[in-house]
Amino acid sequence: MSGTSVIQSRRKALPALALSSLLIVLSSPLHSQQSEGMVAVDKQTMQALLDRIAELEKSQTELRQRVAQLEKAKSGAPSPSVTSTAGAIDSSSRNTLVVAGISPSSQPAEAAPSPKPQEQPGPMGESDHMDVSRTALNIRGFGDVGFYGGNQKGQTTSFSLGQTNLFITSNLSDQVRFMTELVFEVHSDNQFQTDLERILLEASLNDYLKLSGGRYHTAIGYYNTAYHHSTWFQTATERPYIFQYEDEGGILPIHMVGIQASGRIPSGNLGLHYIVEVGNGRTSDPAAEPVQNYVDENGHKAFNVAVFSRPDAIPGLQTGFSIYRDVLVPPDSQKITETITDAYAVLTRPRFEWLNEALLIRHTRAGEHTYDTPAFYSQISQRFGIYRPYLRYQYVNASSQEPVFPQVGLRTGPSVGIRADATESVALKLQYDYTMLHRQPPIDGKTCVQLSMCAPTAVAVQVDFKF
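My aim in this report is to walk through the structure given alongside it, one point at a time. No experiment lies behind these values; they were computed from the predicted model shown.

What counts as what
- Sequence order sets the numbering: in each chain, residues are counted from 1 along the sequence as written.
- The model is predicted, so local features are restricted to residues of pLDDT at least 70 and side-chain atom pairs to those at 80 or more, both for listing and for counting; the totals for chains, interfaces and linings are taken over all residues.
- Side-chain calculation: all heavy atoms of the structure are included, whereas hydrogens and water are not.
- Secondary structure elements follow DSSP: runs of H or I of four or more residues count as helices, runs of E of two or more count as strands, with numbering from the N terminus.
- What makes two residues a contact is simply this: any of their non-hydrogen atoms within 4.5 Å.
- To sort residues, take the accessible area from a 1.4 Å probe on protein chains only and compare it with the maximum for the residue type: under 20% means buried, over 50% means exposed, and anything in between is partly exposed.
- For the purposes of these results, a polar contact is taken to be a pair of N or O atoms within 3.5 Å, where, inside protein, one atom must be able to donate a hydrogen and its partner to accept one; residues adjacent in sequence count only when each atom of the pair is a side-chain atom.
- Within 6.5 Å between ring centres, the rings of Phe, Tyr and Trp (the latter by its six-membered ring) count as paired, and their orientation is classed by plane angle as stacked under 30 degrees, edge-to-face over 60, tilted in between.
- Charge-over-ring contacts are defined here by two conditions on Lys NZ or Arg CZ: a distance within 6 Å of the ring centre and an angle within 35 degrees of the ring normal.
- Salt bridge, as used here, is a side-chain nitrogen of Lys or Arg placed within 4 Å of a carboxyl oxygen of Asp or Glu.
- A pair of strands is treated as paired once DSSP finds two or more bridges between them.

A few points about the overall build of the protein chain
Summing up its helical and strand segments, the protein chain has 6 helices and 17 strands in all. Within the protein chain, counting contacts between residues at least 6 apart in sequence, those at least 24 apart form 57% of the total.

Here it is as structure tokens:
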């Protein structure tokens with residue numbers, strides 16, 4: 001039976017009860033000969049009937065409120081018909097009691113306030129488990145395509161797809177954030193690869209302490225933390241050779257899986273900051289995946305400490321240094337202690353850019369010789385309208401007996417180019433590389449990952465975009 005049917009049935013029952021009460025009252029003079037005990041019984045009966053009527057009225061009021069609540073939930077607005085009917089019934093009930101000539105003690109002169117309806121618990125939905133408004137993903141996309149050619153034997157000029165990068169973030173709370181970089185790229189085998197280049201859970205406790213865990217770019221020097229996976233952010237077509245990614249022939253541990261702490265150092269106008277990292281170092285096996293994402297090959301953990309300054313007196317200036325240390329265990333070889341020291345000074349402003357960075361890679365094999373590999377780059381650019389011409393010079397000098405990357409040798413030379421920001425979302429780049437190569441093993445130009453690493457002369461035309 002529906003709530004409306006119940007109301008109609010009880011509405012019909014109330015007049016009948018009131019009429020019965022009235023007949024009993026009117027008939028009392030006709031039976032005056034009855035004993036006083038009988039009159040007392042009739043009064044008790046009448047009181048019981050009136051109490052019952054009051055109870056039914058209260059029940060009926062609650063039922064009407066419940067029906068109105070259900071109708072409001074269904075239609076989104078209160079039902080005026082139910083409200084007006086409830087008022088009419090309340091008025092009729094009060095008039096009936098006055099005609100009866102008796103005011104029951106259980107019924108107050110004014111109608112009792114209706115109890116506040118209780119919300120009925122419903123089935124638990126998805127919104128009860130997750131606040132969608134606070135955990136929605138924010139996605140930005142970046143990509144590049146290009147035309148490349150070099151004079152290395154076996155190389156061909158080719159149109160090439162670069163990286164397509166989905167930069168995904170989600171604010172889990174006011175202090176906790178998730179972020180990742182999902183990159184789709186193609187290498188010399190023409191096969192697509194998908195990599196989670198960065199995946200981090202960050203908690204910002206205050207200005208002096210931010211904790212992160214996951215896979216991140218090691219804070220070795222400046223370039224690796226200033227420019228992540230997307231050529232859109234950088235001026236040139238490619239990163240400096242010493243900061244090339246591991247799977248593209250780079251010589252540094254660009255990525256690390258572990259934990260990181262960073263923040264400000266109380267220093268006034270000096271603007272000092274720190275970064276401390278501990279995690280899995282790079283693999284010692286050149287044939288294995290260079291980043292140890294799941295299992296570390298040894299129990300020794302790599303660590304890195306960086307300190308930098310952003311003084312208020314010189315806007316855009318940043319200077320700093322970092323020290324990275326790890327232990328490598330190459331196959332069929334003794335342990336190698338790896339120490340990477342980096343120092344830099346950069347000036348970056350909206351129209352002017354000057355980057356200078358130098359590092360020393362030291363590999364010491366137990367009981368044997370120490371091998372030092374110095375490297376540096378310097379890059380300068382000035383913007384004129386939508387055009388930004390730039391010049392970069394870089395240098396790497398590794399021994400041919402170097403135990404970790406003996407194929408590097410001596411690489412030095414300039415790169416010159418120009419970037420034109422055609423729109424807010426599209427940039428065109430033209431770059432020419434001239435590299436002097438010494439102590440190089442034979443190179444197959446068809447399998448070279450980066451032209452600037454293989455060809456003495458290379459030309460690149462690149463289109464960068466964001467979406």
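Describing the side chain of E181
Tracing the sequence through the fold places E181 in strand β3 (residues 176–186). What makes E181 buried here is its relative accessible area of 2%. At a separation of 2.6 Å, a polar atom in the side chain of E181 contacts the side chain of N165. A polar contact is formed between the side chain of E181 and the backbone nitrogen of H229, at a distance of 3.4 Å.

As for the packing of aromatic side chains
Applying the stated criterion across every chain yields a total of 11 aromatic pairs. Relative to F159, the ring of F147 has its centre 4.7 Å away and its plane inclined at 55 degrees; by these criteria the two rings are tilted. Here F159 lies in strand β2 (residues 158–171) and F147 lies in strand β1 (residues 138–150), a separation of 12 residues in the sequence. Taking the centre distance of 4.5 Å and the plane angle of 40 degrees together, the rings of Y223 and Y227 count as tilted. These aromatic residues form a ring-pair network of at least three members: Y222, Y223, Y227, F243, Y344 and Y377. One cation-aromatic arrangement involves R419 over W232; the distance from NZ or CZ to the ring centre is 5.1 Å.

A few points about the side chain of T283
Turning to its location among the elements, T283 is positioned in the loop between β7 (272–280) and β8 (302–309). Within the structure, T283 has its side chain in polar contact with the backbone nitrogen of D285 (distance 3.2 Å). When sequence neighbours within four positions are dropped, the list of residues in contact with T283 reads A288, E289, P290, Q292 and E297.

Focus: the pattern of salt bridges
Within this structure, the stated rule accounts for 9 salt bridges. With its nearest N and O atoms 3.1 Å apart, the salt bridge here joins D296 to K301. Look at D296 and you get buried, because its relative accessible area is 17%. On the basis of relative accessibility, which here comes to 34%, the residue K301 falls in the partly exposed class. One salt bridge connects D464 with K429, and the closest N-O pair in it is separated by 2.7 Å. One end of the pair, D464, is in strand β17 (residues 457–466); the other, K429, is in strand β15 (residues 426–434), and 35 residues separate them in sequence.

Description of the environment of G149
Along the chain, the position of G149 falls in strand β1. For G149, a relative accessible area of 11% corresponds to the buried category. Expressed as a C-alpha distance, the spacing of G149 and A460, which sit 311 residues apart in the sequence, is 6.7 Å.

Let's talk about unusual backbone geometry
Positive phi outside glycine occurs at N190, with the angle close to 65 degrees. Note on placement: N190 falls in the loop between β3 and β4 (192–206).

A few points about the pairing of strand β5 (residues 209–217)
As paired elements, β4 and β5 share 7 bridges and run antiparallel to each other. Across the sheet, A203 pairs through a bridge with L211, a residue of β5. Where β5 meets strand β6 (residues 255–265), 8 bridges bridge the pair, whose relative direction is antiparallel. Within β6, the position partnered with H217 by the bridge is H255.

Remarks on the pairing of β8
Of the strand pairs in this sheet, β7 and β8 are connected by 8 bridges, and their pairing is antiparallel. Within β8, the residue paired with E277 across the bridge is N304. When β8 meets strand β9 (residues 317–328), the two strands line up antiparallel, connected through 7 bridges. Pairing of V307 across the sheet is with F321, part of β9.

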